[in-house]
Amino acid sequence: MSKTWDAIVIGGGAAGLFCAGVAGQLGKRVLVLDHAEVLGEKIRISGGGRCNFTNLHSSPANFLSLNQHFVKSALARYPSSEFIKLVSAYKIGYHEKHQGQLFCDDSAKQIIEMLFAECAKGKVNIRHPVTVQSIAQDGDQWTVHTNVGIEKTKSVVMATGGLPIPAIGATAYSLDIAKQFGLKVVDPRPALVPLSFTADNFGNLNELAGLSVPVRIASGSKGHRYGACRFNEDLLLTHKGLSGPAVLQASSYWEEGEPIHIDWLGAIERPGGFNCDELFNNEENRLKLTETILASVLPQRLAKAFADQKGLTGRKWAEVSKKDRQALKELITNWSVKPAGTLGWKKAEVMLGGVDTKELDGQTMMSRNHPGLFFIGECVDVTGHLGGHNFQWAWASGFACAQAL
Ligand SMILES: Cc1cc2nc3c(=O)[nH]c(=O)nc-3n(C[C@H](O)[C@H](O)[C@H](O)COP(=O)(O)OP(=O)(O)OC[C@H]3O[C@@H](n4cnc5c(N)ncnc54)[C@H](O)[C@@H]3O)c2cc1C
């Protein structure tokens, strides 16, 4: 048995390492325990190896949670500008890619090294691989049993992340501990995940695997757990179904058995927007083939696939009936399709659901009924949109917790 720690952080990923570094630098004696051989694996593989570490525009509107207000305090106290300052202080080069998304110029490893350097500054003790066997409350102290000994601490910070990518060590341990102490957990499910389709509802589109198209996508509805969304983003056709940023975003709002809606022309940028009737009622198009007209606004292969689906390939526009024109318009501007499912935890980027925010104090991330027990990062029922918001939540929730320890 060794000395009593101020805090033991279980999980040395984004939120855990960041929280430990901040708390250590505030003078706290912090121990990080992780079961992985290598730490920071999710950071390493994030953003295609360049880590989309935050978003310039991160705001509460970018998060899904049963309680939309929960993120407000933590995000206000540690906005993206603060993390950007830290990245700049470490002279890590970065660039904005799309809609405020910030990526490392060089490698995600720089963010991991920065987190380790911050922990070193705070004299944080990091031990791994260590198996945490149990956590017990002992008056105003906590006892953590591991495969290498027993540790005592004033606070326990659960930061074991979500369930995506089990191959790199994702577990439900934070959710198990929440349940052990009687905290409610919102059912976890994969989010920011590709959607799969059956041959029936996908038609001939799987032949276009690899094609990327800017679309407007809508998913969910007001009565759903996390409401509804609408995004203008790129959609990627794959052999198994649909992916790309548009579909990943929509997947977080999608509920089984429900359709998603795609306007294949909705993301065309034109002053005043794009009106499909303009294309269909244009007299100059009367003698053109259907697939040629569609190809003036869609990639050629997709235009042909849509014309094929409606049996209109090779038909002059003047010969296409009003009913067929209407059906084609519906297909390209309001394609309503029911996904068969998601590609699951192996392909998801984040977890929806987690420790119910009603159980936690939004200023500190501490359990309302178990003082000294904290939950941060992805294990909490807070899920960001694609684009750096999930890391921003890891930093902001870790910071709020560190201040409270
Ligand atoms: C492929 C991919 C790409 C992504 N890209 C981005 C991106 O570019 N931008 C963005 O904002 N978000 C991205 N994300 C999401 C982001 O990685 C997570 O939201 C973030 O890492 C969550 O931080 P966390 O600290 O809560 O969990 P993690 O970073 O996952 O850390 C959890 C830690 O807990 C440890 N652990 C798990 N179980 C146990 C246990 N039982 N005992 C001890 N330790 C345990 C793990 O080993 C790990 O070190 C991506 C996710 C994936 C899968």
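What counts and what doesn't
Residues numbered from 1 in each chain as written. Predicted model: local features only at pLDDT ≥ 70, side-chain atom pairs only at ≥ 80, totals over all residues. Heavy atoms only, no water. Helix = DSSP H or I, 4+ residues; strand = E, 2+ residues; numbered from the N terminus. Buried < 20%, exposed > 50% of the residue type's maximum accessible area, 1.4 Å probe, protein only. Pairing = 2+ DSSP bridges. Contact = heavy atoms within 4.5 Å. Axes fitted to C-alpha atoms, helices over the stretch in contact; angles between N-to-C directions. Core = buried A, V, L, I, M, F, W, Y, C linked by side-chain atoms within 4.5 Å.

What follows concerns unusual backbone geometry. Omega for the peptide link from histidine 128 to proline 129 comes to -10°, which places this bond in the cis form. Examined against the element boundaries, proline 129 turns out to sit in the loop between β7 (125-127) and β8 (132-138). Positive phi outside glycine occurs at lysine 91, with the angle close to 55°. Inspection of the secondary structure assignment puts lysine 91 in the loop between α4 (80-89) and β5 (94-96). On the accessibility criterion, lysine 91 (74% relative accessible area) is exposed.

On to the sheet that holds strand β13 (residues 212-220), then. Strand order in the open sheet formed by seven strands is β17-β16-β13-β14-β15-β12-β18, with antiparallel pairing between adjacent strands. In the strand order of this sheet, the two ends are held by β17 (335-337) and β18 (341-342), each with one partner. One ladder, built from three bridges, connects β13 with strand β16 (residues 260-263); its direction is antiparallel. Residue pairing in the sheet places alanine 218 in a bridge with histidine 261 of β16. Strands in contact with helix α8 (residues 244-253) are β12 (195-196), β13, β14 (228-237) and β15 (241-243); relative to β14, the strand with the most contacts, it is inclined by about 140°.

The next subject is the nonpolar core. Generally speaking, a soluble globular protein has its nonpolar side chains buried in company with each other. Ranked by size, the top nonpolar core spans 79 residues in total, and within it Ile10, Phe83, Ile111, Ile135, Phe375 and Trp395 carry the most contacts. At nine residues, helix α13 (residues 389-404) tops the list of elements feeding residues into this core. Once residues lying within four places of it in the same chain are set aside, the contact partners of isoleucine 111 are Ile43, Cys51, Phe53, Phe83, Val87, Ile92, Cys104 and Trp395. With 52 residues, the next largest nonpolar core counts Leu64, Val186, Cys229 and Tyr253 among its residues.

Extensive coverage of strand β10 (residues 149-158) is indicated by the burial of seven of its ten residues. Alignment of strand β1 (residues 4-10) against β10, held across six bridges, turns out to be parallel. Across the sheet, tryptophan 5 pairs through a bridge with threonine 153, a residue of β10. Both strand β9 (residues 141-146) and β10 contribute to a ladder of five bridges, which runs antiparallel. Residue valine 144 lies in a different strand from β10, and its bridge partner there is glutamate 151. In this structure, the hairpin formed by β9 and β10 is closed by a connection of two residues. Bridge count for β10 against strand β20 (residues 373-375) is three bridges, and the pairing is parallel.

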